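The lines below spell out each chain.
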Protein chains: 2
Amino acid sequence: MTLQQLEYVLALEKTRHFVRAAELCGVTQPTLSAMVQKLEEELDCKIFDRSRQPIEVTEIGTQIISQAQVIIYQANQLKESIKSTKEELTGTLHLAVIPTIAPYLLPRFIASFKKLYPELSLKISEMHTDTIIEKLRIAEIDMAILSTPLDDPKILEVPLYYEKFAAYISPTEPIYKRTELSATDMPLDKLWVLEEGHCLRNQVFNFCHEKPLQSSTYEAGSIDTLVKIVDLNGGYTVIPELHIELLSESQKLNLRSIVNPEATREISIVIRHDFVREGVINAVAECIKQIIPAHMLDTRLKKFAIRL
Amino acid sequence: MTLQQLEYVLALEKTRHFVRAAELCGVTQPTLSAMVQKLEEELDCKIFDRSRQPIEVTEIGTQIISQAQVIIYQANQLKESIKSTKEELTGTLHLAVIPTIAPYLLPRFIASFKKLYPELSLKISEMHTDTIIEKLRIAEIDMAILSTPLDDPKILEVPLYYEKFAAYISPTEPIYKRTELSATDMPLDKLWVLEEGHCLRNQVFNFCHEKPLQSSTYEAGSIDTLVKIVDLNGGYTVIPELHIELLSESQKLNLRSIVNPEATREISIVIRHDFVREGVINAVAECIKQIIPAHMLDTRLKKFAIRL
DNA sequence: ACCTTTGCATAGATAATAACTATACGATTA
DNA sequence: TAATCGTATAGTTATTATCTATGCAAAGGT
């Protein structure tokens, strides 16, 4: 049984005439005849009584036709629903990402998303949280990925994952020998931090329960730079979990877990409340969730999240 | 889009594995791969995300799969419902027909019915109304075609058609010159009737408002005989409408319509009330209705029907 | 009674496609 | 780096849907 055979049957039911039904289906009469016969053979019952003119539908044929109509209708519904869903997933999506997430996530996300939704053209920018909020408000961007909560009533947050912080320690430091560290083990004087604007900077200060008295000698523009500074100048810094994958094997030896408390940051998709393309939100969210390791999706980690 | 492609997709959804899905469908992996790809191409969207292991269903894929399940379910329902309907239309049907209907109807009915329902084996007997009622009660027959109403509470009547009576007049009779006749024009002394047992005999008497005082010289066993008697011995008789088709062209000249009142008999299918094979009743009824001329199906003719 | 028309089925050829085997390729893992 | 797993691709074969041409039966007209 094929959908086409059912369509032939329905055309025949409409026209009660093989030649006209064939025309309706865009095939020749013998083709339609043969296909209807084949279906009748498969179902092992006559659908049409050809001994009458015009042909009549048999008792059982009536039943078959009404069920065939259901099937064909549902098949058309399938195509229809795809069409309306796809319209959502076309056009352009302006997406912003904070710099402390971008290096790991973006290359993977772009590759994966382009493959799944080739119709949706992505415009991605890297910017700090406050710029994102501003541009989101004026609709210059549609969506952003950053650390939450923002506590902004105009902005909707869709949590994605929870990322632990890790300490990156220079071998020259005494605390290098420790396997686990807590906030108090890392005084500010030897803590390298990102320059102002990065939410990660604030989170580190919040976590250490200290405020910087004065700006340090040097504040880095990226985590990558931060790590290189520690390598060359000693001291320590704090980096997010996903950045670990970007370190070399020897650099990974300088990592120490942070405990008591465990520190995480919540990463979310944020949009304006009036953003209507719900399918796009799901598409982006699902795509990202597939990229990051499964254990980071555990919402129980939310309780360790450091606020901005 | 074909039903088979949808089944491949559903198998893939179950297994999340091309090789195992292919096994499930009884085809090779490249076949299933190609068919799924083809469907994705036709619908112009990816259903599965193959970049993950095990493969995952896309956002839109979830939607497609749930609709595909509906379609496949409905397709299976079609086959199921045919099966249950067909079971009704198998086995044996014991059918009885009264002799004044049989000659015209049976040859046509048997041919047509066998073609439509080859699985149902027909056993047909000719018998008089009272025998039919008796055998129906003891379930020796399942169904009968006869003249109604019977007014029997155990028997259910399904009216089929209404058959007029026609007068068959010998050219030797004075009333031969008339084009129309009424009951009073045909006194009993020259009226040839069927032998006792035939309901048609009673209907003719009822119609003529007379009771036979004594049995006539000869009472015929069939309408065919009745006609031949008139041809050879003069007088007249009354025959049912459908029998006209069985007369020769020259015999048809001896026919006169009966008016004032028009006389008809109601022909029905009768069954016991406990007869369960509803599909069989419809099958027989529809088949007969296709055989007899359309004007005889007009239920307005019921008001001219002569009781038994 | 004969011919024509109408309408579906059948036969044989052809084009489309679903299926196969073998193999490449990409991603993980040892 | 090789081995393994899982899917895609290439090339071939088998199947089948479709075509054109024709047969055949029934109904209608002359």
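Can you walk me through the overall build of chain A in this structure?
Across its full length, chain A holds 10 helices and 11 strands. For chain A, the C-alpha atoms occupy an extent of roughly 100 × 40 × 30 Å along the three principal directions. In chain A, which comprises 308 residues, the proportion classed as buried is 50%. Put simply, chain A shows about 14,800 Å² of open surface, and 51% of that area lies on carbon and sulfur atoms. Computed over 34 positive and 42 negative side-chain charges, the separation of the two mean positions in chain A equals 1 Å.

Sorry, what's going on with the relation of the copies chain A and chain B here?
A rotation about some axis, followed by a shift along it, carries one copy of the chain onto the other. Rotating chain A by 179° and moving it 0.0 Å along the rotation axis overlays it on chain B with an RMSD of 0.2 Å. Here the copies are linked by what is in effect a two-fold axis.

Looking at this model, I keep getting lost on the pairing of strand 11 (residues 264-272) of chain A. Mind explaining?
Within a regular strand, side chains alternate between the sheet's two faces. Residue and element names in this part refer to chain A. Burial of strand 11 is extensive: nine of the nine residues sit out of reach of the surface. Of the two faces of strand 11, the one lined by Thr 264, Glu 266, Ser 268, Val 270 and Arg 272 and the one lined by Arg 265, Ile 267, Ile 269 and Ile 271 are each fully buried. As defined by bridge partners, strand 5 (residues 143-148) adjoins strand 11 across six bridges and the pair is classed as antiparallel. Each residue of the ladder has a partner; that of Met 143, found in strand 11, is Ile 271. Bridging between strand 6 (residues 155-169) and strand 11 involves nine bridges; their strand directions are antiparallel. Within the sheet, the bridge partner assigned to Leu 156 lies in strand 11 and is Ile 271.

Just to check I follow, could you spell out the side chain of Glu241(B) for this structure?
Residues and elements named next belong to chain B. Here Glu 241 is to be found in the loop between strand 9 (236-240) and helix 9 (249-252). Reaching out from Glu 241, the side chain makes a polar contact with the side chain of His 295 at a distance of 2.7 Å. Contact partners of Glu 241, with chain neighbours within four places excluded, come to Tyr 162, Glu 163, Lys 164, His 295 and Met 296.

What's the story with the protein's contact with DNA strand C in this structure? I'm lost.
Of all residues adjacent to DNA strand C, which total 18 residues, the nearest are Ser33(A), Arg50(A), Thr28(B), Thr31(B) and Lys38(B). Sugar and phosphate atoms constitute 80% of the interface atoms of DNA strand C, taking the interface as everything within 4 Å of the protein. The contact in question runs from a phosphate oxygen of DNA strand C to an N or O atom on the backbone of Phe18(A), over 3.1 Å. Contact distances for DNA strand C include 2.7 Å between a phosphate oxygen and a side-chain N or O atom of Thr31(B). Of all the elements in the fold, those that place two or more residues in the surface near DNA strand C are helix 2 (18-25) and helix 3 (29-43) of chain A together with helix 1 (3-15) and helix 3 (29-43) of chain B. Taken together, the residues that form the surface near DNA strand C break down as eight nonpolar, eight polar and two charged.

I tried to follow the interface of chain A and chain B on my own but got confused; where do I start?
Many authors give the size of an interface as the accessible area that is lost as the parts come together. Residue-level contacts link 39 residues of chain A with 39 residues of chain B. Regarding the contact of chain A and chain B, the summed buried area is about 3,500 Å², with carbon and sulfur atoms giving 61% of it. Area buried by chain A at its contact with chain B is led by Glu59(A), Leu78(A) and Gln290(A), which between them contribute 19% of it. In this structure, the connection of chain A to chain B is made through two salt bridges.

Help me out: how do you make sense of the domain arrangement of chain A in this one?
Per the domain assignment, the segments making up chain A are domain 1 (3-87), domain 2 (91-161 + 266-300) and domain 3 (163-258). The gap between the C-alpha centroids of domain 1 of chain A and domain 2 of chain A is 48 Å.

For this particular structure, what's the right way to read helix 7 (residues 199-208) of chain A?
Counted residue by residue, helix 7 of chain A has eight buried out of 10 residues, so it is predominantly covered. Looking only at helix 7 of chain A, the buried set comprises Cys199(A), Leu200(A), Arg201(A), Gln203(A), Val204(A), Phe205(A), Phe207(A) and Cys208(A).

Mind showing me how you'd approach the packing of aromatic side chains here?
Two measures describe an aromatic ring pair: the distance that separates the ring centres and the angle between the ring planes. Throughout the structure, instances matching the rule amount to four aromatic pairs over all chains. Plain terms: the ring middles of Phe113(A) and Tyr117(A) are 5.0 Å apart, the flat faces sit at 45° to each other, and that makes the pair tilted. With relative accessibility at 7%, the residue Tyr117(A) sits in the buried group. Aromatic ring contacts, followed pair by pair, group Phe109(A), Phe113(A) and Tyr117(A) into a single cluster. Taking the ring centre of Tyr104(A) as reference, the NZ or CZ of Arg108(A) above it sits at 3.9 Å. Across from the ring centre of Tyr176(B), 4.5 Å away, lies the NZ or CZ of Arg256(B), which sits over that ring.

Could you clarify how one ought to interpret the pairing of strand 4 (residues 120-126) of chain B in this entry?
Residue and element names in this part refer to chain B. The sheet contact formed by strand 3 (residues 91-97) and strand 4 spans seven bridges and is parallel. Along strand 4, the bridge assignment pairs Thr 92 with Ser 121. Between the parallel pair strand 3 and strand 4, the chain is carried across by helix 5 (residues 102-116), and the sense of this crossover is right-handed.

Would you explain the protein's contact with DNA strand D in this entry?
DNA strand D sits among 18 residues. The nearest are Thr28(A), Thr31(A), Lys38(A), Ser33(B) and Arg50(B). At the protein interface, 78% of the atoms of DNA strand D within 4 Å belong to sugar or phosphate. For DNA strand D, a phosphate oxygen lies 3.1 Å from a polar atom in the side chain of Tyr8(A). Gln37(B) is positioned with one of its side-chain polar atoms (N or O) 3.1 Å from a phosphate oxygen of DNA strand D. Looking at the surface near DNA strand D, the elements that each hand over two or more residues are helix 1 (3-15) and helix 3 of chain A together with helix 2 (18-25) and helix 3 of chain B.

Definitions and cut-offs
Residues numbered from 1 in each chain as written. Chains lettered and ligands numbered in written order. Predicted model: local features only at pLDDT ≥ 70, side-chain atom pairs only at ≥ 80, totals over all residues. Heavy atoms only, no water. Helix = DSSP H or I, 4+ residues; strand = E, 2+ residues; numbered from the N terminus. Buried < 20%, exposed > 50% of the residue type's maximum accessible area, 1.4 Å probe, protein only. Areas by Shrake-Rupley, 256 points an atom, 1.4 Å probe, with all protein chains shown as cover. Lys, Arg positive; Asp, Glu negative; His and termini not counted. Charge placed at Lys NZ, Arg CZ, Asp CG, Glu CD. Least-squares fit on C-alpha atoms with pLDDT ≥ 70 in both. Pairing = 2+ DSSP bridges. Polar contact = N/O pair within 3.5 Å; in protein donor to acceptor, adjacent residues only side chain to side chain. Contact = heavy atoms within 4.5 Å. Near = heavy atom within 4 Å. Nonpolar A, V, L, I, M, F, W, Y, C, P; charged D, E, K, R; others polar. Buried area = accessible area lost by both parts, 1.4 Å probe. Salt bridge = Lys/Arg side-chain N within 4 Å of Asp/Glu carboxyl O. Domains from an automatic or database assignment. Phe/Tyr/Trp six-rings, centres within 6.5 Å; stacked < 30°, edge-to-face > 60°. Lys NZ or Arg CZ within 6 Å of the ring centre and 35° of its normal. Right-handed = clockwise from strand over helix to strand, strands pointing away.

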